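Results of the structural survey
One letter stands for each residue in the lines below.
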Amino acid sequence: MTIRHGKNVVVYFNGYDIGGDVNAISGKSENDLVTYAVFDGSNGYHHYPGLAKDEIGLEALHNDDSVTYLTATAQLEALRQVTPTVLTPGYQAMVLYGQTAGDPASVSKECLLKSYTIKSVVTDVNRLSAMLVSNDMPFQDSKVLLGKATKTTSGSGTALDNLASSSNGGVGYVQVLSCLYGTSAALIIEHSTDNSNWGALLTLGTFTTVGTACVACTGTVDEYIRATWTLSAGSPSNSATFAITFKRY
């Protein structure tokens, strides 16, 4: 077990780094339990586990700069006005507890806004609080493959050694925070049995602007995994900023 300080946490939401406003974040994992009783001689109820009901609480400064969408206020206001559908889902949330490959992360494919409060006190700055629910999938206890990094050339991240292969697939998440000068960023996750010969595990997508993706894979995941990116088409130069995590099942 590694003890970690809260100052190292970063929060990416819908392809934006909103950590400049956020000062507290809390995750709540909960299972819906069905209560029942039968004639089996028990003196109490039984409980059958059902669906996940994960939530995330967010505390932040109220910053009404809505031009850049970099603030928590702007993102929550936009989400509040969205009517989620299959084509217009909620927003992906990514909480990294460190920026090094292998550091833990909590990621939700799709968060929906449950409540949103702005509080003003005469002796304090204006603050906001929000409660979001994870839609469909619970929060994933993921691992960082690449912390937030700005890349100007194609390359690969540090290999993460999972000590052994696994056979049940996994899911990769990416938050693309910028693509400057028209840069195209093709992002994939690779795996290897020997940390030398690499092959594609899953394709996260090709991005030319801010965006997010969640892509699952099935079957064998080799012992070593890494993030790989190919940048092209930028003028006068390439520049893309993104963060990538992966969860093995």
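In this report, the structure presented in the accompanying data block is examined.

Parameters and conventions
Residues numbered from 1 in each chain as written. Predicted model: local features only at pLDDT ≥ 70, side-chain atom pairs only at ≥ 80, totals over all residues. Heavy atoms only, no water. Helix = DSSP H or I, 4+ residues; strand = E, 2+ residues; numbered from the N terminus. Buried < 20%, exposed > 50% of the residue type's maximum accessible area, 1.4 Å probe, protein only. Contact = heavy atoms within 4.5 Å. Polar contact = N/O pair within 3.5 Å; in protein donor to acceptor, adjacent residues only side chain to side chain. Pairing = 2+ DSSP bridges. Patch = residues over 30% accessible without salt bridge, like charges linked within 9 Å, V, L, I, M, F, W, Y side chains within 5 Å. Areas by Shrake-Rupley, 256 points an atom, 1.4 Å probe, with all protein chains shown as cover. Salt bridge = Lys/Arg side-chain N within 4 Å of Asp/Glu carboxyl O. 1 Å grid on protein atoms, 1.4 Å probe; cavity = no way out; pocket = protein on both sides within 12 Å on 5 of 7 lines; lining within 4 Å. Points joined across faces, edges and corners; volume = space filled by probe spheres on them. Nonpolar A, V, L, I, M, F, W, Y, C, P; charged D, E, K, R; others polar.

The secondary structure content of the protein chain amounts to 1 helix and 18 strands. In terms of principal-axis extent, the alpha carbons of the protein chain reach across some 70 × 55 × 40 Å. Classification of the 249 residues of the protein chain by burial places 41% in the buried group. Intrachain contacts of the protein chain at a sequence separation of at least 6 include 73% that bridge at least 24 residues.

Here we take up the environment of His191. You can see His191 is positioned in strand β14 (residues 184-192). Taking the C-alpha atoms as reference, His191 lies 32 Å from Lys53; in sequence the two are 138 residues apart. The residues contacting His191, other than those within four sequence positions of it, are Asn197, Trp198, Gly199, Ala200, Leu201, Thr220, Val221, Asp222, Tyr224 and Ile225. Of note is the side chain of His191, whose polar atom sits 3.1 Å from the backbone nitrogen of Asp222.

Here Gln175 shows up in strand β13 (residues 170-180). Only 3.1 Å separates the side chain of Gln175 from the side chain of Gln92, close enough to count as a polar contact.

Attention shifts here to the pairing of strand β1 (residues 10-13). Burial of β1 is two-sided: the residues Val10 and Tyr12 facing one way and the residues Val11 and Phe13 facing the other way are all buried. When β1 meets strand β7 (residues 91-96), the two strands line up antiparallel, connected through 4 bridges. Residue pairing in the sheet places Val11 in a bridge with Val95 of β7. Pairing analysis gives 2 bridges linking β1 to strand β2 (residues 16-17), with the strands arranged antiparallel. Each residue of the ladder has a partner; that of Tyr12, found in β2, is Asp17. Taking the residues between adjacent antiparallel strands as the criterion, β1 and β2 are bridged by 2 residues, where Asn14 takes a positive phi near 65°.

Our next topic: a nonpolar patch on the surface. A cluster of nonpolar side chains, contributed by Val34, Tyr36, Val38 and Tyr48, occupies part of the molecular surface with about 390 Å² of accessible area. Note that Tyr48 resides in strand β5 (residues 46-52). Tyr48 sits in the exposed class, given a relative accessible area of 53%.

Turning our attention to the pattern of salt bridges. Applying the stated criterion across every chain yields a total of 8 salt bridges. In this structure, Asp103 engages Arg4 in a salt bridge whose closest nitrogen and oxygen atoms are separated by 3.2 Å. Separated by 99 residues along the polypeptide, Asp103 in the loop between β7 and β8 (104-119) and Arg4 in the segment before β1 bring together distant segments of the chain. Here Asp103 falls in the buried class, since its relative accessible area comes to 13%. With a shortest N-O distance of 2.7 Å, Arg127 and Asp124 are connected by a salt bridge.

The next thing to look at is the layout of surface pockets. When its volume is computed, the largest pocket comes out at roughly 220 Å³. Every residue lining the largest pocket is counted, 15 residues in all, and those nearest its centre are Gly27, Lys28, Tyr97, Ser106 and Phe139. Elements with a minimum of two residues in the lining of the largest pocket: β3 (22-28) and β6 (55-61). A total of 4 residues in the lining of the largest pocket trace back to one element, the largest contributor, which is β3. The residue inventory of the lining of the largest pocket, partitioned by class, reads 7 nonpolar, 4 polar and 4 charged. As a volume, the second largest pocket reaches approximately 160 Å³. The set of elements that each furnish at least two residues to the lining of the second largest pocket consists of β7, β8 and β16 (211-217). In terms of residues, the lining of the second largest pocket owes the most to one element, β16, which gives 3 residues. A class-by-class count of the residues in the lining of the second largest pocket yields 4 nonpolar, 4 polar and 2 charged.

Honestly, that's just the spatial picture; any functional story needs more than this.
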